[in-house]
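# Close look at the chain arrangement
Residue strings, one per chain:
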Amino acid sequence: MKPGKSLRLTAAALAGVLALSACGGGDQAGDDGPASLRMTVWSANEAHLKLLNEIADEYRKSHPDVSAIKFDPLPFENYTTTLTTQIAGGNAPDLAWVFENSAPDFVSSGALLPLDDTLKKAEGYQYEDLSPATLKLWQDGGKLYAYPFSTSPFGVFVNTDLLKKAGQKTPAELIAAGQWTWDAALAAAGATQRATGKAGLVIRDFDYKGWDNLSTFWAGWGAQAWSEDGKSCGFAAPEMVEAMTTLHKAIFTDKALPGPGTTADFFAGDAAMTITQISRASLLKDDGFAWDLVPLPAGPKGPYAVVGQAGIGVLKKSPHADAAADFLAFLTNPTNSAKLAQFFPPPRQSQLTAETLGKTNPKLKPEQLQKVVVDGITSGVVKPSHAGQAELSQQVRASLDPLWKPDADVKAVLDGVCAKIQPLLAK
Amino acid sequence: MNRDLSPRTKLVLYGVLLVLAIPFVFPTWWMVTSSLKPVSDIFAFPPQLLPVSPRLDAYQRVFELQPFGRQYLNSLYIALVVTVGTLAVSALSGYAFARIRFRGQNVLFLVVLAGLLIPSEVTIVPLFQMFFKLNLVDTHWPLILVPILGAPSVLATFIMRQFFISLPGELEEAARVDGLGRFATFWKIALPLSRPALGAVAIFTFLHSWNLYLEPIVFLSSPEKFTLPQALTQFVDAYGGPMWNVQLAAASMTALPVLIVFVIAQKQFVEGLAHTGLKG
Amino acid sequence: MSQTDTRVGGVEAPPTLGGGRRPYWTSRRRDQLTGYLFIAPQLLGSVVFVILPLLLVVWYSLHEWNVLAGTFDFVGADNYAALADDPNLGSVLRATGLFSVGLVVLNLGLALLLAVLLNQKLRGTIVFRTLFFSPVVVSLVAWTIVWGFLLQDNGGLNGLLDTVGVDGPNWLRGEGSAMLSVIVVQVFKNVGLNMVLFLAALQGVPAELYEAAEVDGASRLRQFWRITVPLISPTILLTSIITVVGSLQVFAQIAVLTQGGPGTSTTVLVYYLYQQAFQFHHFGYGATLSIVLFGIVLALTVLQWQMRKRWVFHES
């Protein structure tokens, strides 16, 4: 037999073995030795990680069977894609942070471990303290699949120095006068831009790509991306058209918001106002400009609040799923919840007071915490989420692109969005 | 062409060349000068061609935020190992396909050539699963084995084969008459002659490995194992906003050494390329 | 044992010295073995790292693979049928065609132009050669990041245009300009390589041919088309194959600069594949698209290779 032939036969056998084992990738045997847990997160912020590691170290003191707990930051922008690719490749973590917009996909997939029993049984956990409204998105068929460790309302950070420089009233003054509306906010933003050359208002993380952040704007008009049941498109509804027309004018005519392709970082002092979540307060420098934090301005339909959520889930496939769930219970018990509240507002009603939050959040005043955080969480509507999120989101984004031109026909573009996504919503 | 040109024509030609050179040079210029500016100046309008108050803290931050020195070494040693390995594999294969007659060689050559036609995005998921089963993810093994034995080295084999085909057969005949076996003929006669082709292959291969982006991202997850192109994309603030000056500083450090080496060695490189037989 | 001629194809029994026994390991067979051994690493590597993954991809394309739910169901040719129903596929193929054609034409044209310019008798062409080649050695990610920077609406390029009074468009956000931008960024990155190849080819054209043409009164342009181009046509063919194949694999630039936008104007096939497989988690469908991509690359390469008989000038 020719040597080349035997080589090829060996290769074929090898190929066969690999092919059989390569699909699925879910047959990892559970091991009995000390467990090592990995949690994927999207924050590489030093302060966040320090706190998480402190809590993890404490847990391991009383649980020697857990040899290590590693927090693995994945890039924020592609977090969900990277996480899913890890799972696909057979390299799933034990725990993972989950964005609210991908909650429906993860929760209904069966990939996550139900947490109710573990959490309820944990000593001193006080499961009843969790606010039912915050849990809604993370439950399926009556079971909780991910713990919403952060319910973070959106607020407006204001650079009061810049506004004063442009001769504008600060939002605090407008609120006191009962005039803190979107019209007023946009007017102030536009005026500041003209006077100082810096950007007026920046909707952070939008950048003409992350459209779901626009919900912080259009909710004021009572518009929504899709109906509650997720089956009908809300983009072509009159409320949405009105909201988007106002936004379009603000961007292209009044230049109150920076246009596409222009970057302005509020925390570097380049914008007068920014809409973002309070956890970004850690980006404020103590010796920087004077700032304030206020609730979102009222829209034509009145005052409103929008919240983003983040959950932590345990992957069922993990060989240490039970140990992971146990750690999750520890991480989110009342004591640690209060510690984490500094960055991540918890779903615990007893801790959602300005007083408690203020203890761990030195930067924010009690008044700000009450108005923006506490009130926001109780009354806020969550950012849009839907099953099949990745594809739907991309489709919306691509269909919205024609809107970001000076001469766009708002109604036509929005009709186009609905035309494109209706088939996806029906799935 | 050896015809003399009028001074006017020369001037026009220089002018055209200068204008054409701008888009080639400007980005590199921008990269280096911006790395010396504070972030706010980078986006200043009108843009500053030279930094107003140059500072090196972006460079300092590069090393603080990532084990950049380590990553530099990673990229370097991987590229070197891959280059040496590819030279060995492709020289042997190229020689065999060019000079040795064995059954089925045309079919086998086509099989090998298929590697040139398959983009890495297509094969990355199965490759990841393979290495995961072998417990070799988050190591450098995938980044070394796949380029040496897989698709990227096929171009190298192709180049070596073209070169060996163009070698006169008499040299080998003479060696045969002297009683040299096939390997000795390869090692002592053909290989030394193939220096220009080897040079070109070395440079291609080194650059390809140095610039690999998708593979490190898929296979590596610990920062101290990252390679440079991967590290470049990690310089983001806690919420994913790029830290422009730091990124550009890291990019400059990635590009400049290779550029400098190229400037020094470019005569050999360009001539090596020209002799690869790629010109047909 | 007498010498056998190794250049003759096929296995030949060597003449024997005496008796009828033929040893197995003739030098012919030993040589063949050496041949197989030499190519063994490459061949084995190709099978394990290229052919095998490709087969696995075909296998995936026959399944519906829901990563999160952990299901992997055989669906036969459903994914391939879905190609016909995919509303995006038409625009993806169009974008791919536009990108590749634009890239190849611009790249080869510019490379030839630069090579011709550098082939003139001018001092300091080495400096220019270095400048034009420098982007090839700069890291792709670095190059793309810098350009992404320069192409912003308030970035370097528009700033430069502003100084001469031109109001530059929002390069990465306009449908036509975004495509143009990605093409140009890629062209400038790699044109140096083709330029060097053309330069080497140009230098191989014998000067006497031009002199004879001068004598006959042919203009420079005519000389270029009638002499230069035919004689460097093998190089043109080879670089065009390499550039076409390369153009169908361009991914990082699009991922960094436009993410396939605005709309879907820069979503080429390889990027669409990435979206389907890695972003939308339709791994089965993504695998199907990979096979389509491979098919296109294969077809174009074979086509170009066959055409060499038609328009490559052979000096026989």
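On a predicted model such as this, the values are computed, not experimentally measured, just so you know. (Residues numbered from 1 in each chain as written. Chains lettered and ligands numbered in written order. Predicted model: local features only at pLDDT ≥ 70, side-chain atom pairs only at ≥ 80, totals over all residues. Heavy atoms only, no water.)

## Notes on the pairing of strand β6 (residues 146-159) of chain A
Residues and elements named next belong to chain A. The line we're drawing: With a 1.4 Å probe rolled over the protein chains alone, any residue whose accessible area is under 20% of its type maximum counts as buried; one over 50% counts as exposed, and the rest are partly exposed. Secondary structure counts use DSSP, requiring at least four H or I residues in a row for a helix and at least two E residues in a row for a strand, with both numbered from the N terminus. For two strands to be treated as a pair, DSSP must find at least two bridges joining them.
Of all 14 residues that make up β6, 14 are buried, and the element is covered over most of its length. As defined by bridge partners, β6 adjoins strand β8 (residues 271-277) across five bridges and the pair is classed as antiparallel. Across the sheet, the residue bridging to V156 is I275, located in β8. The pairing of β6 with strand β9 (residues 291-294) spans four bridges and is classified as antiparallel. Bridge pairing in β9 places V156 opposite V294.

## Topic: the interface of chain A and chain C
The cut-off we apply is this: The contact definition used throughout considers only heavy atoms, calling two residues in contact when any of these lie within 4.5 Å. Here the buried area means the combined drop in accessible surface, using a 1.4 Å probe, for two parts upon being joined, counting both sides. When a carboxyl oxygen of Asp or Glu is within 4 Å of a side-chain nitrogen of Lys or Arg, the pair counts as a salt bridge. Within 3.5 Å is the distance limit for a polar contact, defined as a pair of N or O atoms, with the added protein rule that one can donate a hydrogen and the other accept it, and that residues adjacent in sequence qualify only through two side-chain atoms. Here the term charged refers only to Asp, Glu, Lys and Arg, the term nonpolar to Ala, Val, Leu, Ile, Met, Phe, Trp, Tyr, Cys and Pro, and the term polar to all other amino acids, Gly among them.
Counting residues at the interface gives 38 residues for chain A and 38 residues for chain C. Of the roughly 3200 Å² buried where chain A meets chain C, counting both sides, 61% is carbon and sulfur surface. When the area that chain A buries against chain C is broken down by residue, the three leading residues are G261(A), E391(A) and Q394(A), summing to 14%. Connecting chain A to chain C are one salt bridge. Our count for the contact surface shared by chain A and chain C stands at four residue pairs in polar contact (both at pLDDT 80 or more). If you list the elements that add at least two residues to the side of chain A that touches chain C, you get α1 (3-22), α3 (79-88), α4 (103-109) and α16 (389-400) of chain A. At nine residues, the largest contribution of residues to the side of chain A that touches chain C is made by α1(A). Along the lines of polarity and charge, the residues of the side of chain A that touches chain C split into 17 nonpolar, eleven polar and ten charged.

## A look at the interface of chain C and chain B
Tallying the contact residues gives 94 residues for chain C and 96 residues for chain B. Roughly 9100 Å² is buried in total at the junction of chain C and chain B, and carbon and sulfur atoms are behind 76% of that figure. One can count zero salt bridges joining chain C with chain B. In this structure, the connection of chain C to chain B is made through five residue pairs in polar contact (both at pLDDT 80 or more). In terms of residues, the side of chain C that touches chain B owes the most to one element, helix α1 (residues 27-61) of chain C, which gives 23 residues.

## Digging into the packing of aromatic side chains
Residue and element names in this part refer to chain A. Rules: Here is the rule: rings of Phe, Tyr and Trp (six-membered ring for Trp) pair when centre to centre is within 6.5 Å. Planes less than 30 degrees apart are stacked, more than 60 are edge-to-face, and the remainder are tilted.
This structure, assessed with the given rule, holds 57 aromatic pairs over all chains. Centre to centre, the rings of W42 and F99 are 3.8 Å apart; their planes meet at 5 degrees, and the pair counts as stacked. Here the residue W42 occupies a position in the loop between β1 (35-41) and α2 (46-62), and F99 occupies one in strand β3 (residues 95-99), the gap between them amounting to 57 residues. Like F99, W42 is buried. Relative to F235, the ring of W218 lies with its centre 5.7 Å away and its plane at 80 degrees, an arrangement referred to as edge-to-face. Placement of the pair is W218 in helix α10 (residues 215-218) and F235 in the loop between α10 and α11 (238-252), with a sequence separation of 17 residues.

## A few points about the packing of α11(A) against helix α17 (residues 410-426) of chain A
Packed helix pairs are characterised by how far apart their axes lie and by the angle those axes make with each other. Residue and element names in this part refer to chain A. Test applied: The angle between two axes is taken between their N-to-C directions and runs from 0 to 180 degrees, where each axis is a line fitted to C-alpha atoms and a helix contributes only its stretch in contact. With respect to orientation, any angle under 35 degrees is reported as roughly parallel, any angle over 145 as roughly antiparallel, any angle of 65 to 115 as roughly perpendicular, and every other angle as oblique. In this scheme the handedness of a crossing depends on how the near helix is turned from the far one: anticlockwise by less than a right angle means left-handed, clockwise means right-handed.
Taken N-terminus to C-terminus, the directions of α11 and α17 make an angle of 125 degrees; their axes are 10 Å apart at the nearest point. Put simply, α11 runs oblique to α17. The way α11 lies across α17 gives a crossing that is right-handed. For the pair α11 and α17, contact is made by M240, V241, M244, T245 and H248 and by V410, K411 and L414, respectively. Along the lines of polarity and charge, the residues of the contact of α11 with α17 split into five nonpolar, two polar and one charged.

## A short note on the confidence of the model for chain C
All names here are of chain C. Operational definition: For every residue, the predictor assigns a confidence score, pLDDT, that lies between 0 and 100.
The pLDDT averaged across chain C works out to 81; a share of 91% of its residues lies at or above 70. Within chain C, no element has a lower average pLDDT than helix α6 (residues 156-163), which sits at 78, and none a higher one than helix α3 (residues 89-118), at 92. Within the model, pLDDT remains below 50 along residues 1-13, and this stretch shows 25 contacts once partners closer than five positions in the same chain are excluded. The complex model carries a pTM of 0.80, and its ipTM stands at 0.79.

## Overview of the environment of T34(C)
Following the sequence through the fold, T34(C) ends up in helix α1. In contact with T34(C), other than residues within four places in its own chain, are I100(B) and R182(B).

## A few points about the environment of M195(C)
Residue and element names in this part refer to chain C. As for its position among the elements, M195 is in helix α7 (residues 175-203). Residue class for M195 comes out buried when judged on its relative accessible area of 0%. Taking C-alpha positions, M195 is 5.3 Å from A115, a pair spaced 80 residues apart along the chain. Those residues in contact with M195 that lie beyond four places of it in its chain are A111, L114, A115, L118, R129 and F132.

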